Amino acid sequence: MPVKIGNIDLGAFPLLLAPMEDVSDPPFRYVCKQNGADLMYTEFISSEGLIRDAAKSLQKLDIFEYERPIGIQIFGSNIESMREATAIATKAGPDLIDINYGCPVKNVACRGAGASLLQDIDRMVAMTKAVVESTHLPVTVKTRLGWDDNTKNVFEVAERLQDVGIKALTIHGRTRAQMYKGSADWSMIRDIKRNPFIEIPIFGNGDVDSVEKAANWRMEYEVDGIMIGRAAIGYPWIFREIKHFFATGEHLAGPTIAERIENCLTHLQKSIEWKGEKTGIFEMRRHYSNYFKGLHDFKEFRMRMVTSDSQNTIIEVLEEVKEKYETEMA
């Protein structure tokens, strides 16, 4: 049976790209979509920023037809602001609206947004109801197991948010107190999936960084799909490799040097197209190490790229990388 969010058909076992701040922008989403991501989300967007027409928040609303299906993720601490932001986000034309109740960072959680709402389930429910009532689009939620080990309340969260109309729930297998440390625990995610009252899709998130984990955890934790975040940074091929294994039971060969360069170059070009040359080149600098992770003696090439303000120079360096490593690996 296909997994559906409202009327959105995601196939039998969708792979989702996580909304990651300063990462999941349109250029990054493009290369992930090309490599098999089934559903993607924007970076999370401040509700206050949207209703105040903040340029950075409005730019994050940019979505493109080739990205569909795609969700716009919003966060905030004020229910009325979230209601207004939902209406603004809906006009941008996404396929769904997602609410962030999982971000653990201090400047979000300590201001009453993100994972902070796990400390006040009644308020979370009221906020979610307001969002659902403010759009004709399906509303989904991303959250965590709870605020800390003493308050793992996601079981209650799942039931109550389903009751007010959400169409899917993604759960990161850590508490807010854990941040991104330790290991993700998916056992509660499985418990929620087994709950006979839960009818919406349940997606698991946290620590899936290999084909083996995706395959094993799909079976062990019985989720409807998997959301992948950090493992896709610099390695968008993880989506195609997992899909290939699911379809054939065989491991797909990793990307060649030529493929790494092609994806990196595409990412750079899309970044420049969307942000302009200066900003596009600058913000691409964080990705080079990840695209070429594992290559020995790569530091010199990386330093030349991260210190260059010229697209042509970066392309020349990438050509040198191709020549050096293709020759060595032949």
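The structure under discussion appears in the preceding block.
Remember, it's a predicted structure, so these values are computed and weren't measured experimentally. Every chain is numbered independently, its residues counted from 1 as its sequence is written. Local features in this predicted model are restricted to residues whose pLDDT is 70 or higher, and side-chain atom pairs enter the listing and the counts only when it is 80 or higher, whereas totals over whole chains, interfaces and linings include all residues. Calculated side-chain values reflect all of the structure's heavy atoms, with hydrogen atoms and water omitted.

## Details of the overall build of the protein chain
Note the threshold: Secondary structure counts use DSSP, requiring at least four H or I residues in a row for a helix and at least two E residues in a row for a strand, with both numbered from the N terminus. The globule rule used here is 2.2 Å times the number of residues to the 0.38 power, and the radius of gyration it is set against is calculated over C-alpha atoms. In this analysis, two residues are considered to be in contact whenever any of their non-hydrogen atoms come within 4.5 Å of each other. Calculation of accessible area relied on Shrake-Rupley with a 1.4 Å probe; when residues are assessed, cover is drawn exclusively from the protein chains displayed. Residues counted as positive are Lys and Arg, residues counted as negative are Asp and Glu, and His and the chain ends are not counted. Every charge is mapped to an atom, namely NZ of Lys, CZ of Arg, CG of Asp or CD of Glu.
Secondary structure assignment for the protein chain yields 15 helices and eleven strands. Taking 20 Å as the expected radius of gyration for a compact globule of 330 residues, we find that the protein chain reaches 20 Å, a close match to that expectation. C-alpha atoms of the protein chain, sized along the principal axes, occupy 60 × 45 × 35 Å. Sequence separation of at least 24 residues holds for 69% of the intrachain contacts in the protein chain that already meet a minimum separation of 6. Carbon together with sulfur atoms contributes 48% to the accessible area of the protein chain, which is approximately 14500 Å² in total. Averaging the coordinates of the 41 positive side-chain charges in the protein chain and doing the same for the 48 negative ones gives two points 3 Å apart.

## What to know about the packing of helix H1 (residues 26-34) against helix H11 (residues 257-275)
In plain terms, the rule: Only C-alpha atoms enter the line fits that serve as axes; for helices the fit covers just the stretch in contact. Angles between N-to-C directions range over 0 to 180 degrees. Note on convention: near helix rotated counterclockwise from far helix by under a right angle means a left-handed crossing. Clockwise means right-handed. Throughout, the ten residues Ala, Val, Leu, Ile, Met, Phe, Trp, Tyr, Cys and Pro are labelled nonpolar, Asp, Glu, Lys and Arg are labelled charged, and all others, Gly among them, are labelled polar.
Running from amino to carboxyl end, H1 crosses H11 at an angle of 145°, the nearest separation of the two axes being 8 Å. In this structure, H1 crosses over H11, and the sense of that crossing is right-handed. Here H1 contributes Pro26, Pro27, Phe28, Tyr30 and Val31 to the contact with H11, which in turn contributes Asn263, Thr266, His267, Lys270, Ser271 and Trp274. Split by residue class, the contact of H1 with H11 holds six nonpolar, four polar and one charged.

## A word on the nonpolar core
Note that soluble globular proteins tend to have their nonpolar side chains buried in a common cluster. Which entries qualify depends on this criterion: Side-chain atoms within 4.5 Å are what join buried Ala, Val, Leu, Ile, Met, Phe, Trp, Tyr and Cys residues into a set we call a nonpolar core. Think of it in three bands: residues with accessible area under 20% of the maximum for their type are buried, residues over 50% are exposed, and the middle band is partly exposed, with areas taken using a 1.4 Å probe on protein chains only.
Counting residues in each nonpolar core, the largest one holds 75 residues, and the members touching the most others are Leu17, Leu161, Trp186, Ile226 and Phe239. A total of five residues in this core trace back to one element, the largest contributor, which is helix H6 (residues 121-133). Among all residues touching tryptophan 186, those that are not within four sequence positions of it are Gly204, Asn205, Gly206, Val208, Trp217, Tyr221, Val223 and Ile226. Counting residues in hydrophobic clusters, the runner-up holds 23 residues, among them Val31, Tyr291, Phe298 and Ile314.

## Here we look at the pattern of salt bridges
Keep this limit in mind: We define a salt bridge as a side-chain nitrogen of Lys or Arg found within 4 Å of a carboxyl oxygen belonging to Asp or Glu.
By the definition in use, this model includes 21 salt bridges. Measuring nitrogen to oxygen at the nearest pair gives 3.2 Å for the salt bridge that ties arginine 68 to aspartate 95. Here arginine 68, found in the loop between helix H3 (55-59) and strand E6 (70-75), pairs with aspartate 95, found in the loop between helix H4 (79-91) and strand E7 (96-101); they are 27 residues apart in sequence, far enough to count as distant. When the shortest N-O distance is used, the salt bridge between arginine 304 and glutamate 320 registers 2.8 Å. Here arginine 304, found in helix H14 (residues 299-306), pairs with glutamate 320, found in helix H15 (residues 311-329); they are 16 residues apart in sequence, far enough to count as distant.

## A short note on unusual backbone geometry
For residues that are not glycine, phi is negative in most cases, and the peptide bond is trans in most cases. The amide bond that connects arginine 68 to the next residue, proline 69, takes the cis arrangement and shows omega of -5°. Within the secondary structure layout, proline 69 lies in the loop between H3 and E6. For aspartate 22, which is not glycine, the phi dihedral falls at a positive 65°. Within the secondary structure layout, aspartate 22 lies in the loop between strand E3 (15-17) and H1. Judged by its relative accessible area of 37%, aspartate 22 falls in the partly exposed class. With phi around 60°, aspartate 53 is a residue other than glycine that occupies positive phi space.

## Remarks on the environment of glutamate 220
Structurally, glutamate 220 can be placed in helix H9 (residues 211-221). A residue is classified by how much of its surface remains accessible, and glutamate 220, at 39% relative accessible area, is partly exposed. For the pair formed by glutamate 220 and isoleucine 261, sequence separation is 41 residues and the distance between their alpha carbons is 36 Å.

## Details of the side chain of serine 210
Just so we agree on the cut-off: Polar contacts, as used here, are pairs of N or O atoms within 3.5 Å; protein pairs need one atom able to donate a hydrogen and one able to accept it. Residues neighboring in sequence count only if both atoms are side-chain atoms.
Note that serine 210 resides in the loop between strand E10 (202-205) and H9. In terms of polar contacts, serine 210 uses its side chain to reach the backbone amide nitrogen of lysine 213, at 3.1 Å. Discounting residues that sit within four places of it in the chain, serine 210 has contacts with Ile238 and Ile242.

## Here we look at the environment of leucine 15
Relative to the elements of secondary structure, leucine 15 occurs in strand E3. Placed 255 residues apart in sequence, leucine 15 and lysine 270 show a C-alpha to C-alpha distance of 23 Å.

By themselves, these observations are geometric and do not establish any function.
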